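Chains, contacts and geometry: an overview
As a plain string of letters, each chain reads:
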Amino acid sequence: AITPLGEVEGASRSITSRHAFGTVALSLPEDDVAMALTLSHEVQHAKLAALMDLLPLVTATPPERLYYAPWRSDPRPLASLLHGMYAHLEVARFWRRHREVTREPAVVHHANVEYARWWKACSQVAEFLDQQLGGVLVDRLVDGDHHVHVEQRLHQRGAALGHAVGEFLDGDRF
C-alpha cells in the first residue's frame, strides 16, 4: 500500500512501516525515475525489517552508541546503519541499471555519479559493519558482486568517472 505524504520545506520524503509489511508512505516524487528509485529503496527496508523480525541480526546497543551514516546528517544506531546500507545498496544498483537504459549523455553522467556515490557509501559502511559484526552478517546480506570497494570499480571504468565524483565524495568519512 502506498500512502501519500506532504512535502516538508520542499523536500521529498518516504517511510516504510516495519509493522505493516509492504506499506510505504511517500511524498509526490518529481518524476517517474524518482518514484521508481524511492520504491526500490523502501522495498529493501521492508524486506530487511521482515527478516529482522524473524532473526535478531544485530544485538541491541546502548542508545548512546551512534554511528556515522553517509546518507544522513544524524548519527544512527547499529541496526539503523545496517538498514541504511541494505537500502542504499539498492540505490546503487538502481543507478547502475538506469545508466544502461538511458541514452541522454547528461542523464548517463548523473547516473554514473550517483552509482559511484552510493557504492562508496555502502562500501564504507559494509567495512565498518564487518568490523562491528565479525563479517558474517554483511557477507550474507550483500551478494558478492556488490561487496566490492568502489575504488576498484571506478578504476575499471576509468579515471574520468573517479575525477567527476571525487570532489563531493572526499568529505564523507567515518
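Cut-off values and rules
- Residues numbered from 1 in each chain as written.
- Predicted model: local features only at pLDDT ≥ 70, side-chain atom pairs only at ≥ 80, totals over all residues.
- Heavy atoms only, no water.
- Helix = DSSP H or I, 4+ residues; strand = E, 2+ residues; numbered from the N terminus.
- Buried < 20%, exposed > 50% of the residue type's maximum accessible area, 1.4 Å probe, protein only.
- Contact = heavy atoms within 4.5 Å.
- Pairing = 2+ DSSP bridges.
- Axes fitted to C-alpha atoms, helices over the stretch in contact; angles between N-to-C directions.
- Polar contact = N/O pair within 3.5 Å; in protein donor to acceptor, adjacent residues only side chain to side chain.
- Salt bridge = Lys/Arg side-chain N within 4 Å of Asp/Glu carboxyl O.
- 1 Å grid on protein atoms, 1.4 Å probe; cavity = no way out; pocket = protein on both sides within 12 Å on 5 of 7 lines; lining within 4 Å.
- Points joined across faces, edges and corners; volume = space filled by probe spheres on them.
- Nonpolar A, V, L, I, M, F, W, Y, C, P; charged D, E, K, R; others polar.
- pLDDT = per-residue confidence, 0-100.

**Considerations on the overall build of the chain**
Helices and strands together make up the secondary structure of the chain, namely 6 helices and 3 strands. Of the regular secondary structure in the chain, the N- to C-terminal order runs β-β-β-α-α-α-α-α-α. Taken across its 174 residues, the chain has 41% of its residues classed as buried. Long-range contacts, defined here as pairs at least 24 residues apart, represent 57% of the contacts in the chain between residues at least 6 apart.

**Structural notes on the sheet that holds strand S3 (residues 24–27)**
With respect to topology, 3 strands assemble into an open sheet ordered S1-S3-S2, the strand pairing being mixed. For this open sheet the edge positions go to strand S1 (2–5) and strand S2 (14–16), each flanked by a neighbour on one side alone. Between one strand and the next, the sheet's axes are offset by a mean angle of 20°, whatever the strand orientation. Inspection of the sheet shows S2 paired to S3 by 3 bridges, in the antiparallel sense. Across the sheet, the residue bridging to Thr16 is Val24, located in S3. Contacting S1, S2 and S3, helix H1 (residues 32–54) crosses the sheet at an angle of about 25° to S2.

**What about the environment of Arg103?**
Here Arg103 is to be found in the loop between helix H2 (78–101) and helix H3 (105–133). Within polar-contact distance, the side chain of Arg103 engages the backbone oxygen of Glu100 at 3.4 Å.

**Here we look at the pattern of salt bridges**
On inspection of all chains with the given rule, the structure shows 5 salt bridges. A salt bridge links Arg76 to Asp74; the nearest nitrogen and oxygen atoms lie 3.2 Å apart. With relative accessibility at 28%, the residue Asp74 sits in the partly exposed group. Two residues, Arg117 and Glu114, come together in a salt bridge whose shortest N-O distance is 3.7 Å. Taken as a pair, Arg117 and Glu114 lie in helix H3 at a separation of 3 residues, close to a single helical turn.

**A short note on the layout of surface pockets**
One number sums up the size of the largest pocket: a volume of about 1,200 Å³. Every residue lining the largest pocket is counted, 34 residues in all, and those nearest its centre are Ser14, His41, Glu42, His45 and His88. The set of elements that each furnish at least two residues to the lining of the largest pocket consists of S2, S3, H1, H2 and H3. Counting residues per element, the lining of the largest pocket draws most heavily on H1, which supplies 9 residues. A breakdown of the residues in the lining of the largest pocket according to their chemical character gives 13 nonpolar, 12 polar and 9 charged.

**Regarding the confidence of the model for the chain**
A low pLDDT means the predicted coordinates there should not be read in detail. Here the chain shows a mean pLDDT of 77. Residues at 70 or above account for 75%. Looking across the chain, the model is least confident in helix H5 (residues 150–157), with a mean pLDDT of 41, and most confident in H2, with 92. Within the model, the stretch residues 143–174 combines pLDDT values under 50 with 47 contacts to residues more than four positions away or in other chains.

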